[in-house]
Protein chains: 2
Amino acid sequence: MTPSVLLADLAACVGEGHVLTGNDADPYLTDWRRAITGRALAVVRPASRDEVAQVVRRCAAAGVPVVPQGGNTGQVAAATPDDSGRAVVLSLLRMNSVRNIDLDTDTITVEAGCVLQAVQQAAREAGRLFPLSLGAEGSCTIGGNLATNAGGTQVLRYGNARELALGLEVVTPQGEIWHGLRCLRKDNTGYDLRDLYIGSEGTLGVITAAVLKLFPLPRAQRTALAVTSGLHEALSLLQRARAGFGAGLTAFEVMSMHCLWDVTTAFPQQRLPFSATAEHSWCVLLELSDNESEQHSQDQLEAVLSAALEAGEVQDVVVAMSESQSVEFWTLRESITLALALAPACVKHDISLPTSRIPEFVRGTDQALAAAFPGVEMRVFGHLGDGNLHYNLLPAPGAVEADIQRLVHDRVHAAGGSVSAEQGIGQRRIEDLRRYKNDVELALMHRIKTALDPQSVMNPGKVLPPWP
Amino acid sequence: MTPSVLLADLAACVGEGHVLTGNDADPYLTDWRRAITGRALAVVRPASRDEVAQVVRRCAAAGVPVVPQGGNTGQVAAATPDDSGRAVVLSLLRMNSVRNIDLDTDTITVEAGCVLQAVQQAAREAGRLFPLSLGAEGSCTIGGNLATNAGGTQVLRYGNARELALGLEVVTPQGEIWHGLRCLRKDNTGYDLRDLYIGSEGTLGVITAAVLKLFPLPRAQRTALAVTSGLHEALSLLQRARAGFGAGLTAFEVMSMHCLWDVTTAFPQQRLPFSATAEHSWCVLLELSDNESEQHSQDQLEAVLSAALEAGEVQDVVVAMSESQSVEFWTLRESITLALALAPACVKHDISLPTSRIPEFVRGTDQALAAAFPGVEMRVFGHLGDGNLHYNLLPAPGAVEADIQRLVHDRVHAAGGSVSAEQGIGQRRIEDLRRYKNDVELALMHRIKTALDPQSVMNPGKVLPPWP
């Protein structure tokens, strides 16, 4: 089949106006970081699960690769085609309806192209919480969140995207439909296909819809900032907060003082609510969600933080006295990435570690980097409660990014950590996968890929390194 | 290779005394319900992961199937060999050490043969909670819990076994070792092999060790019994309890009055703590776990239950005033199975449904059963908070169990439910899988099985129906 026959065929499936080529296709061909631009035969925008199945079937028959894409906000270019121009980009953005909300089952059923914020909003209007929350929530889609097993700020309490999904609807690489849209909390009938598709970055099939868990809306939320003299002390505070708040502890973020100073330098209208602190101290942002009342959450937070002050775990504590002050605290945290974007070059790492090993890892890696790359400055922050650090660096001119990453990732691997905690593999981290996964695991992954997608139709060149 | 050469070879691996045949093997060859007895070449009891790998390699080379077995407490005979006598039963019971507890990471690393109660105990001694809890906890093993994705009474808050595992160590059907013993809360580096092994009932590999999540011990736990006039009212109470307690609601069990009357008849020393109630009413056992104090949990429970009384959702409420009274309430719940075991015949179903559909399902199915099998009596109880019912029946003499199950399971399937919520497929429910899974899903499962175990060494004849 010639490309033009295929395109005519796809236009017949989804409508002439939804097969984009030329300039119309451009916005879909460059990744979020604007570092990788691919080429494609076309961008195809189906409106339904059945149209997705037809598109995939036709592409498979023509031997044309399919690159599924949601909001195109990924960090590893998993949704960007290669530069061969052979692939079809399959955009799910038109599949954006909320199919159902079931209040007694506490579920919401949504199509893959729903923007995360719209799902949060629909849940809230129904008097429920959908807790997945991350920086890109205004443009990322739930299909992309599931395909990449997205994390964010509430993982400590509610888990990653994986833990929030009960059922999926998936179009297979053969263009068949797996009807797995279950809304069951318990179902032990066979292999866990759901979790295999989640996090597979579109290489095993196209997620077209999902059943997601809903939670009660908390009655009150309180935020506090606490200054600790080191990461050991921050871990002690984490244990104290877990014991005191239980599942009420919905966020425990850590930021080095240098990160916060960058924020107040870049955005002078933002202020730190505590007085000057030592260079090597850390700031913890913690959030308590409460099912009782504002007063109860306030009392709880003060009880735990007073005890932490008395125990010497924290030097200073500020509890937000209003919702707007809570927003200010979160804005400080979320502005770090923006402030770092102003630096001439920032080398980023999205790593996770066994939580207990984090203080020693940071100390040792800071030292090793300073020795190997003189003049490097650290800008470390992240989700300490999940063991997930954005271990970011501002190198001196001349340092090679790949060398820095190699040093950091080798140390992460040696400490039993992950070189991609939240962001996935995509195109960008395939070499890391090859380096750090052992052959048994790589072989298992290849066997699964080959079994489910023998033609390699679905998102080839992503996640898996070439296999002998 | 002749069987006797293989056995000598296995004895060289694991020690003469750990290759059991004849009468020594018998306890491993009959399933927990004493309904299915298989035969085996031998029962082999390795002491380490490397011995497991050697045993599997040798069996694979000899074309001998391997049937992994933990505490042999499963309900579906997944760990019982067929009657060909060709297989080796691989007992993990000697691999029972706790390898590590990491308090800052909140993890415990255990070998597969650890008895669940020993894991709970080790966690408690370290000041932490390992929340998996089920009837067989004194003899089931954590390896079996993971292989079957066990449920139990705390799923509402903490999830199934799947949600409690961070990492696994697995011996593949080729006798290779997958080193997946990670203790990371976030790790998006490739396909989710962990969750594929969990719940696969030993058909894809042998789980030899796991890293499990630990939680803070609650400061207080309160239990209450509430009588509701129907399941609709019980669901209203569930929503009220979820909103009021949040994650503090750690159990929400439901029991029909007939179940409780059976208990007090069979065990006259047990008493119901409320006065006589209508035949069609239901009793809810709810448990609140609190991170604050005894007093706070008492206040919380009373506040929510008073509101439920006022709203007319419940007719009667008894809050346990001591730990021993809590134990009495739980004993009532746990005695139902024992009381039903005294009945001449009990037809059991382990089903789950979208929670909102449960009242209508029970009403309609009760009616359909009464019409089709005159004289049948219902004995329904279960984990309402998870949508999981043990929908059990006492049929009149002459009714055919398979016909009853067909009627119930057809209705479960039509309502979007699962015909095996907790217990898995094993040998016993393979026909159900064939009947209720569509071909796309069955084909996906077969492709995965064939990809990972092309020789069909691991637990053949379990989970998957024969495939054309």
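Reading guide: rules and limits
- Residues numbered from 1 in each chain as written.
- Chains lettered and ligands numbered in written order.
- Predicted model: local features only at pLDDT ≥ 70, side-chain atom pairs only at ≥ 80, totals over all residues.
- Heavy atoms only, no water.
- Core = buried A, V, L, I, M, F, W, Y, C linked by side-chain atoms within 4.5 Å.
- Buried < 20%, exposed > 50% of the residue type's maximum accessible area, 1.4 Å probe, protein only.
- Contact = heavy atoms within 4.5 Å.
- Least-squares fit on C-alpha atoms with pLDDT ≥ 70 in both.
- Axes fitted to C-alpha atoms, helices over the stretch in contact; angles between N-to-C directions.
- Helix = DSSP H or I, 4+ residues; strand = E, 2+ residues; numbered from the N terminus.
- Parallel < 35°, antiparallel > 145°, perpendicular 65-115°, else oblique.
- Left-handed = near helix turned anticlockwise from the far one by under 90°.
- Nonpolar A, V, L, I, M, F, W, Y, C, P; charged D, E, K, R; others polar.
- Pairing = 2+ DSSP bridges.
- Buried area = accessible area lost by both parts, 1.4 Å probe.
- Salt bridge = Lys/Arg side-chain N within 4 Å of Asp/Glu carboxyl O.
- Polar contact = N/O pair within 3.5 Å; in protein donor to acceptor, adjacent residues only side chain to side chain.
- Domains from an automatic or database assignment.

### Quick look at the nonpolar core
So, point 1. Within the largest apolar cluster, 86 residues are counted, with the highest numbers of intra-cluster contacts made by Phe130 and Leu212 of chain A together with Phe130, Leu146 and Leu212 of chain B.
So, point 2. Once residues within four sequence positions are removed from consideration, phenylalanine 130 of chain B is found in contact with Leu116, Val119, Gln120, Ala123, Ile142, Leu164, Leu212, Lys213 and Leu214 of chain B.

### Details of the relation of the copies chain B and chain A
So, point 1. Mapping chain B onto chain A leaves a residual RMSD of 0.0 Å; the transformation is a rotation of 180 degrees accompanied by 0.0 Å of translation along its axis. This pairing of chains is accounted for by a two-fold axis.

### Section: the packing of helix H15 (residues 439-452) of chain A against helix H15 (residues 439-452) of chain B
So, point 1. As a packed pair, H15 of chain A and H15 of chain B sit with axes 9 Å apart at the nearest point and diverge in direction by 140 degrees. The orientation of H15 of chain A relative to H15 of chain B falls into the category oblique. With respect to the hand of their crossing, H15 of chain A and H15 of chain B are arranged in right-handed fashion. Residues Leu444, Arg447, Ile448, Ala451 and Leu452 of chain A of H15 of chain A pack against Leu444, Arg447, Ile448, Ala451 and Leu452 of chain B of H15 of chain B.
So, point 2. Here the contact of H15 of chain A with H15 of chain B is built from residues that sort into eight nonpolar, no polar and two charged.

### Focus: the sheet that holds strand E6 (residues 107-111) of chain A
The strands that make up a sheet are held in pairs by hydrogen bonds between backbone atoms, and each pair lies either parallel or antiparallel.
Residue and element names in this part refer to chain A.
So, point 1. Overall, antiparallel pairing links the five strands, which are arranged E5-E6-E10-E8-E9 in an open sheet. Among the strands making up the open sheet, the edge pair consists of strand E5 (98-102) and strand E9 (177-180). Taking each pair of neighbouring strands and ignoring which way they run, the sheet shows an average axis angle of 15 degrees.
So, point 2. Pairing of strand E8 (residues 165-171) with E9, which is carried by four bridges, proceeds in the antiparallel orientation. Directly across from leucine 168, in E9, lies its bridge partner glycine 180.
So, point 3. Against the sheet, helix H3 (residues 116-125) touches E5, E6 and strand E10 (206-213), its axis set at about 145 degrees to E6.

### Considerations on the sheet that holds strand E14 (residues 282-290) of chain A
All names here are of chain A.
So, point 1. Spatially, E15-E12-E14-E13-E17-E18-E16 is the arrangement adopted by the seven strands of the open sheet, whose pairing is antiparallel. Single-partner strands in this sheet number two, and they are strand E15 (316-319) and strand E16 (350-352). Each neighbouring strand pair of the sheet contributes to a mean axis angle of 20 degrees, computed without reference to strand direction.
So, point 2. Here two bridges tie strand E13 (residues 249-256) to strand E17 (residues 377-383), and the two strands are oriented antiparallel to one another. If you follow methionine 255 over to E17, its bridge partner there is phenylalanine 381.
So, point 3. Packing of helix H8 (residues 231-245) onto the sheet brings it into contact with strand E12 (220-228), E13 and E14, and relative to E13 it is tilted by some 170 degrees.

### Comments concerning the pairing of strand E3 (residues 66-69) of chain A
Residues and elements named next belong to chain A.
So, point 1. Burial along E3 is two-sided: Val66 and Pro68 facing one way and Val67 and Gln69 facing the other are all buried.
So, point 2. Relative to strand E4 (residues 88-91), E3 runs parallel, the two being bridged by four bridges. Looking at the pairing, valine 66 lines up with valine 88 of E4.

### Focus: the interface of chain B and chain A
So, point 1. Chain B puts 89 residues into the contact, and the matching count from chain A is 89 residues.
So, point 2. Summing both sides of the interface, chain B and chain A together bury roughly 6900 Å²; the carbon and sulfur share of this comes to 52%.
So, point 3. The interface formed by chain B and chain A includes 10 salt bridges.
So, point 4. Salt-bridge contacts for arginine 162 of chain B lead to aspartate 192 of chain A; the nearest nitrogen and oxygen are separated by 2.9 Å.
So, point 5. One can count 59 residue pairs in polar contact (both at pLDDT 80 or more) joining chain B with chain A.
So, point 6. By residue number, the principal contributor to the side of chain B that touches chain A is H15 of chain B, which donates nine residues.

### Quick word on the domain arrangement of chain A
So, point 1. Split by domain assignment, chain A resolves into domain 1 (3-91), domain 2 (98-216) and domain 3 (220-341).
So, point 2. Look at where the C-alpha atoms of domain 1 of chain A and domain 3 of chain A centre, and you get two points 43 Å apart.

### So, unusual backbone geometry
Residues and elements named next belong to chain A.
So, point 1. One non-glycine residue, asparagine 149, lies in the positive phi region at around 50 degrees.
So, point 2. Within the secondary structure, asparagine 149 is located in the loop between helix H4 (142-147) and helix H5 (155-158).
So, point 3. Using a relative accessible area of 4% as the deciding quantity, one classes asparagine 149 as buried.
So, point 4. Despite not being glycine, serine 456 has its phi angle at roughly 55 degrees, a positive value.
So, point 5. Looking at where serine 456 falls in the secondary structure, it is placed in the segment after H15.

### A few points about the packing of H8 of chain A against helix H12 (residues 358-372) of chain A
All names here are of chain A.
So, point 1. Packing of H8 against H12 leaves a shortest axis separation of 8 Å and a crossing angle of 160 degrees. Here H8 is positioned roughly antiparallel relative to H12, judged by the angle of their axes. Between H8 and H12 the crossing geometry is right-handed. Residues Leu231, His232 and Leu235 of H8 pack against Ile358, Pro359 and Val362 of H12.

### A look at the pattern of salt bridges
Residue and element names in this part refer to chain A.
So, point 1. Tallying each qualifying case throughout the model produces 50 salt bridges over all chains.
So, point 2. A salt bridge links aspartate 9 to arginine 58; the shortest N-O distance between them is 3.2 Å. Residue aspartate 9 is found in helix H1 (residues 3-14), and its partner arginine 58 is found in helix H2 (residues 49-62); the two are separated by 49 residues along the sequence.
So, point 3. With its nearest N and O atoms 3.0 Å apart, the salt bridge here joins arginine 363 to glutamate 360. Placement of both arginine 363 and glutamate 360 in helix H12 is noted, with a separation of three residues, approximately one turn of the helix.
So, point 4. For glutamate 360, a relative accessible area of 47% corresponds to the partly exposed category.
So, point 5. Salt bridges sharing common partners tie together Arg49, Asp50, Arg99, Glu111 and Glu169.

### Here's the deal with the pairing of strand E18 (residues 388-394) of chain B
Residue and element names in this part refer to chain B.
So, point 1. Among the seven residues that make up E18, seven are buried, leaving the element largely enclosed by the rest of the structure.
So, point 2. Residues Asn388, His390, Asn392 and Leu394 of E18 are buried on one face, and the alternating residues Leu389, Tyr391 and Leu393, pointing to the opposite face, are buried as well.
So, point 3. Sheet analysis places strand E16 (residues 350-352) next to E18, joined by three bridges and oriented antiparallel. Counterpart to serine 352 in the pairing with E18 is asparagine 388.
So, point 4. The sheet contact formed by strand E17 (residues 377-383) and E18 spans seven bridges and is antiparallel. Looking across to E18, one finds that phenylalanine 381 is bridged to histidine 390.

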